[in-house]
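Architecture at a glance
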Amino acid sequence: MKIVLAPDKFKGSLTAEQVSQIEKEAFLSVIPGAEVICVPLADGGEGTVRALTSANNGELFTLQVRGPLEETVNATIGTTSDTAFLEMAEASGMTLLSPAERNPMKTSTYGTGEMIVEVLKRGIKNIIIGIGGSATVDGGTGMAEALGYKFYDKNNNLLSGLCGGMLQKIAKIDSSAVNPLLKECKIRIASDVTNPLLGSNGAVAVFAPQKGATPEMMPLLEEGLANLRKVLIQQNFISEDLPGDGAAGGLGLGLRAFCNAVPESGASLAIAATFLEEKLENADFLVTGEGCSDSQTDNGKLCAVVAQTCKKHGVPCILLSGKVLGENFKSFDKVCATVPADMPFEKIKPRAEELLRTATVRLADSLNQ
């Protein structure tokens with residue numbers, strides 16, 4: 001029997017790598033002769049670097065960069081001989097700040113730019129960057145500053161320390177000092193966020209409050225992003241708006257404008273980068289899952305895209321998640337949960353490994369009959 005394990009993380013309790021290893025041990029305890037292949041996945045958010053690096057037999061390294069509020073943080077990057085895997089949240093993420101520190105008027109993506117600079121120094125020509133979990137609404141200007149872009153106000157004064165609160169001041173952008181290696185590098189954005197930059201469904205309205213924006217900050221941030229967009233269009237950095245420009249506080253737009261990056265489905269990119277389709281050959285079934293599956297899971301989330309890939313190859317797909325809320329999971333051949341829907345997270349977290357192992361053994365028993 002050939003079993004493929006391709007889970008997402010169980011957010012807050014287990015990484016995708018931990019989930020797949022626990023499931024592997026459980027399956028082998030019931031079906032000792034099985035061939036079990038682990039393909040931990042991530043769609044651009046937390047865990048992307050480790051999942052894609054592991055799948056490509058790459059290496060991880062850590063460097064010190066500037067955090068969201070200019071503090072020094074350690075950021076991990078994954079590399080193979082020709083590709084680097086980055087998460088913007090490693091340098092510019094919300095988890096690096098306490099709730100009291102979160103302030104998108106002051107936070108910056110400068111450290112994300114420093115990660116890109118380091119990759120360029122190493123001669124790597126391909127970058128996949130996940131942009132989930134950002135603490136910023138700076139439109140990627142901090143990142144651009146680290147890459148050598150210069151920003152000026154209407155009086156031709158150089159602006160430095162770009163952050164969300166400075167976007168309204170930008171009148172001109174100079175690219176003459178940009179790292180020349182950037183032009184030789186292909187950057188792909190792993191994100192399934194399709195929000196536009198501006199408006200009621202944009203970067204500020206939807207995401208800024210969770211990043212610490214007060215009601216007073218909201219219109220200022222919106223005006224700042226609108227001004228940045230205007231300057232980018234005037235100087236031919238961009239010619240149109242695209243879905244996903246509002247991802248990560250406008251970093252989706254910034255990566256397009258400043259790095260000529262291409263937005264891609266994080267789920268599809270992860271499946272391609274981990275060679276999941278090749279690993280499905282002759283598989284009897286695949287098990288995927290996440291911390292909590294609900295009505296959104298079937299709507300293009302990572303597990304559903306995995307299920308669609310399985311269907312294309314005629315491989316049954318089983319969803320084994322922490323919690324399962326609701327009943328509408330048409331993408332999957334079987335749906336299981338490790339805990340009851342009403343079990344509080346504080347009781348789940350310390351027992352997450354045990355609960356997953358028990359549920360996987362139960363699933364393996366049912367499949368081995």
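It should be noted that the structure appears before, not after, this text.
So, on to unusual backbone geometry. The backbone of Asn 236 shows a phi angle near 65°, a positive value even though the residue is not glycine. Structurally, the position occupied by Asn 236 is in the loop between helix H7 (217-234) and helix H8 (247-259). Exposure remark for Asn 236: the relative accessible area of 66% places this residue in the exposed category. Its identity as a non-glycine residue notwithstanding, Ala 248 has a phi of 55°, on the positive side.

Now for the sheet that holds strand E7 (residues 150-152). Adjacent strands of a sheet pair through backbone hydrogen bonds, lying either parallel or antiparallel. Across the sheet, three strands lie side by side as E8-E7-E9; this open sheet has antiparallel pairing. Two strands lie at the open edges of the sheet, namely strand E8 (158-159) and strand E9 (172-174), each paired on one side alone. Strand direction decides the pairing type here: E7 and E8, joined by two bridges, are antiparallel. Bridged to Phe 151 within E8 is Leu 159.

Moving on, we come to the nonpolar core. Side chains of nonpolar character tend, in soluble globular proteins, to be buried together. Grouped together as the largest cluster of nonpolar side chains are 61 residues, with contacts concentrated most on Ile 173, Leu 255 and Phe 258. Of all the elements, H8 adds the most residues to this core, at eight residues. Discounting residues that sit within four places of it in the chain, Phe 258 has contacts with Gly 139, Gly 140, Thr 141, Met 143, Ala 144, Tyr 149, Phe 151, Ile 173, Leu 182, Leu 228, Leu 232 and Phe 237. Formed by 30 residues, the second largest nonpolar core is a distinct cluster that contains Val 49, Leu 52, Val 315 and Phe 332.

Moving on, we get to the packing of helix H1 (residues 16-30) against helix H13 (residues 352-367). Put simply, H1 and H13 touch, their axes get as near as 8 Å, and they point 40° apart. Between H1 and H13, the angle is such that the two are oblique. Classified by chirality, the crossing of H13 by H1 is right-handed. Contact residues: Val 19, Ile 22, Glu 23, Glu 25, Ala 26, Phe 27, Ser 29 and Val 30 in H1; Glu 353, Leu 356, Arg 357, Thr 360, Val 361, Leu 363, Ala 364, Asp 365 and Leu 367 in H13. Its residues assigned to classes, the contact of H1 with H13 shows 10 nonpolar, two polar and five charged.

The rules behind the values
- Residues numbered from 1 in each chain as written.
- Predicted model: local features only at pLDDT ≥ 70, side-chain atom pairs only at ≥ 80, totals over all residues.
- Heavy atoms only, no water.
- Helix = DSSP H or I, 4+ residues; strand = E, 2+ residues; numbered from the N terminus.
- Buried < 20%, exposed > 50% of the residue type's maximum accessible area, 1.4 Å probe, protein only.
- Pairing = 2+ DSSP bridges.
- Core = buried A, V, L, I, M, F, W, Y, C linked by side-chain atoms within 4.5 Å.
- Contact = heavy atoms within 4.5 Å.
- Axes fitted to C-alpha atoms, helices over the stretch in contact; angles between N-to-C directions.
- Parallel < 35°, antiparallel > 145°, perpendicular 65-115°, else oblique.
- Left-handed = near helix turned anticlockwise from the far one by under 90°.
- Nonpolar A, V, L, I, M, F, W, Y, C, P; charged D, E, K, R; others polar.

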